[in-house]
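# Structural overview for review
Each chain, written out:
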Amino acid sequence: KLTGRTFIAEGAEIINSTLRGPVVIGKNAKIIDSFIGPYSSIGDGSLIESSSIEHSVILTGVKIRGISRLEDSLVGQDSVIIHNVKNHTALRLMIGDGAVVEV
């Protein structure tokens, strides 16, 4: 489902997800079973799965899986954010390139 201003680059896949613009989805990005909220940008080649993201910039090659709510965040290139044992309702992150974070 798409609402508001959305830009989806060539090769991007949106599967069973909602995008509420303004949103930019980069080349070859994959959004699966997720919500991408307003004022968010998903970088080229990133994978967002079973997650909710709002007001955030996700750079190139990032993998985010199972994060119930990520907001007001900047995630550096090739970072990985995956759900671990604890269930947080909101996260605020500033993550450098190549980081791996389990939450």
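Note that the coordinates shown come from a computational prediction; the quantities given were computed from them, not determined experimentally. (Residues numbered from 1 in each chain as written. Predicted model: local features only at pLDDT ≥ 70, side-chain atom pairs only at ≥ 80, totals over all residues. Heavy atoms only, no water.)

### Regarding the sheet that holds strand 7 (residues 35-36)
Across the sheet, five strands lie side by side as 1-4-7-10-13; this open sheet has parallel pairing. Of all strands in the sheet, those bounded by a partner on one side alone are strand 1 (2-3) and strand 13 (70-71). In this structure, strand 10 (residues 52-54) lies alongside strand 13, joined through two bridges in parallel fashion. Bridged to glutamate 54 within strand 13 is glutamate 71. (Pairing = 2+ DSSP bridges. Helix = DSSP H or I, 4+ residues; strand = E, 2+ residues; numbered from the N terminus.)

### A closer look at the environment of glycine 26
Within the fold, glycine 26 resides in the loop between strand 5 (23-25) and strand 6 (30-32). In this structure, the C-alpha to C-alpha distance between glycine 26 and aspartate 78, residues 52 residues apart in sequence, is 14 Å. Leaving out residues up to four positions away in the same chain, glycine 26 has contacts with Ala9, Ala12, Ile42, Gly43 and Asp44. (Contact = heavy atoms within 4.5 Å.)

### What to know about the side chain of serine 34
Its place among the elements puts serine 34 in the loop between strand 6 and strand 7. Residue serine 34 is classed as buried on the basis of its relative accessible area, which comes to 6%. Separated by 2.8 Å, the side chain of serine 34 and the backbone oxygen of isoleucine 32 make a polar contact. Look past the residues within four positions of serine 34 in its chain and what remains in contact with it is Asn16, Ser17, Thr18, Ile48, Glu49, Ser50 and Ser51. (Buried < 20%, exposed > 50% of the residue type's maximum accessible area, 1.4 Å probe, protein only. Polar contact = N/O pair within 3.5 Å; in protein donor to acceptor, adjacent residues only side chain to side chain.)

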